[in-house]
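Chain by chain, the residues:
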Amino acid sequence: MNSVFCADIGTSSLKAALIGFDGRVFAFSRVSFNLFYTDHAAGEWMEALHKALAVCLSSAGTGNSGTTGSDANTGTVGQGAQISIDAICISGNGPTLCARDGSTLLWNASLPDSTDSIPTNTSSIYIPRILGFAKKFQDYWQQKDSIVFSGPEYLIYLLTGNALSILPEKRFLEAYWSKDALEEAGLSAKDAEDAMQKLPSFVPPASIAGSLTKTAAEFLCGGEGECAAGLVKDGIPVVCGAPDFISALVGTNTLRAGLFCDRAGSSEGINLCTSKPVAGQGIRTLPSIIPGLWNASVLLPESGERFCAYKEKISRLYARPISLDEMVQILLESDGSLAELDQGKYLMLQTAMMVRDGLNVLRRAAEESGAVPALKTEMTVTGGQAENALWNQMKANVTGYTLYTQSLVHAELTGDAVFALLALGLYKDIHSAAAAVCKREVCYEPQEAIR
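Only a predicted model underlies this, so the values are computations on that prediction, with no experimental measurement involved. (Residues numbered from 1 in each chain as written. Predicted model: local features only at pLDDT ≥ 70, side-chain atom pairs only at ≥ 80, totals over all residues. Heavy atoms only, no water.)

### Details of the sheet that holds strand S13 (residues 268–274)
The condition is simple: At least two DSSP bridges between two strands are required for those strands to pair. The way it works is that DSSP assigns letters per residue, a run of H or I at least four long becomes a helix, a run of E at least two long becomes a strand, and they are numbered from the N terminus. Structural elements are reduced to axes, namely lines fitted to C-alpha atoms, with helices fitted over the stretch in contact, and the angle between N-to-C directions of any two is expressed from 0 to 180 degrees. Contact criterion: two residues are considered in contact whenever any of their non-hydrogen atoms come within 4.5 Å of each other.
Read across the sheet, seven strands follow the order S14-S15-S13-S12-S16-S17-S18 without closing on themselves; strand pairing throughout is mixed. Every interior strand has two partners, whereas the edge strands, strand S14 (283–287) and strand S18 (440–444), have only one. Strand-to-strand twist in this sheet, taken as the mean axis angle between neighbours without regard to direction, amounts to 30°. For strand S17 (residues 402–406) and S18, the ladder comprises four bridges, and the chain directions are antiparallel. Counted as the bridge partner of Tyr404 is Cys443 from S18. The sheet strands contacting helix H8 (residues 244–251) are strand S12 (260–264), S13, S14, strand S15 (294–300) and S17, and the helix crosses S12 at an angle near 135°. Sitting on the sheet, helix H11 (residues 339–369) touches S12, S13, S14, S15 and strand S16 (378–382), and the angle it makes with S13 is about 20°.

### Observations concerning the sheet that holds strand S7 (residues 149–150)
The three strands are arranged S6-S5-S7 in an open sheet whose pairing can be described as antiparallel. Of all the strands in the sheet, just strand S6 (104–105) and S7 have a single pairing partner and so form its edges. With two bridges connecting them, strand S5 (residues 97–98) and S6 associate as antiparallel partners. Bridged to Leu97 within S6 is Leu105.

### Section: empty space enclosed by the protein
Inclusion rule: Only protein atoms enter the 1 Å grid, on which a cavity is a set of points fitting a 1.4 Å probe that cannot get out and a pocket is an open set with protein on both sides within 12 Å along at least 5 of 7 lines, lining residues being those with an atom within 4 Å of a point. Grid points are joined across faces, edges and corners, and a volume is the space filled by probe spheres set on the points. The nonpolar class holds Ala, Val, Leu, Ile, Met, Phe, Trp, Tyr, Cys and Pro. Asp, Glu, Lys and Arg form the charged class, and all remaining residues, Gly among them, are polar.
One pass over the full model with this rule turns up three cavities of 30 Å³ or more. Within this model, the largest cavity holds a volume of roughly 60 Å³. In this structure, the largest cavity is lined by Gly92, Asn93, Gly94, Tyr126, Ser150, Gly151, Pro152, Glu153, Ile166, Tyr176, Ala242 and Pro243. Class assignment for the residues of the lining of the largest cavity results in six nonpolar, five polar and one charged. Taken as a whole, the second largest cavity holds about 40 Å³ of empty space. In this structure, the second largest cavity is lined by Ile19, Gly23, Val25, Gln406, Ser407, Leu408, Thr414, Val437 and Lys439. A breakdown of the residues in the lining of the second largest cavity according to their chemical character gives four nonpolar, four polar and one charged.

Below is the structure:
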């Protein structure tokens, strides 16, 4: 069975999946990091990739996803079937910056204290962090041959030996960097040129970054288990994914004007693909990966983190660990006799209403601007929160939208599969690849509102 191995580097964990050429998910794995929020966070990414691959390969024939979450989103290869890994694709989050030795400035880490010379008036989200990285790791920055990698490009470098930067679409350049932008941020012409020498050239998603080196292949296949069988061979292509939110939009096939998706993880973003930029209070508009289209979003920061914090509270109340699924079940079945459970039920209702309000804001702005004349009341949901069926149903009830989840709720990985299959030449364009791989599986129709 032909497949691609897809990995997405998060802040606190690496998610990975084996996905077939037909979009079937053979296995999913998540490996937690120990060094996140440290200056050497990237130092354990390669080992995490190795562990995730081992779990995926050993579980692909059993249906066991290798994670503590639900197994409902994984398929099986079948007895006697042989997996062939034909490509690896990597995506990751935000403007995280890394040195060759793994020194890391995470996308959400504070900049050094002495930031007087770091501009705040630039439209680039990268330049302030590049200059902060230069201050934090001065010895490395001052080396003549130093390279600074952004996001998943560091892991791609470890796999291929090639340095590059991924630009989702040419309109994103303003949010990244250029020599002129560095000078406008206050660098001299010489310092701007020196900085550009340390920043690899841009390539688009679905580019083949290079071939898996023999050293990297031996590392990934080292140790015990299925990896030792040599299923990952040196020379297979390593493909550029994209920043995680771009990969998720691709992985939910939110690539035509009028389509909604909800990225519901530690934070939450309601997204709408539009034919032109839209504006409104609380709306952030960025280019789509599709030329000529845009993505308008309303962010609900910390919605998932609030659930995690409340889950810990419930675990203390019951004096045992409580999973997200069990917590939602407990809250929805609460008869109102415990104030602590009523607080949780209100948190769920409040969050669902915030999603509804975000949808209304986007819908109104798009219709008033003519960006999307007629919008359907349906939305694809992705991310960790989407694994819970009861929570999805409550959102459908409150918003009045029909919600869909896909065969893999972690759409960044599905987007990576789309990029890999494009790079392998199996589809003529991103629309045909996404249509083949991004498959809706479960539908949640609005029912009577939960009281």
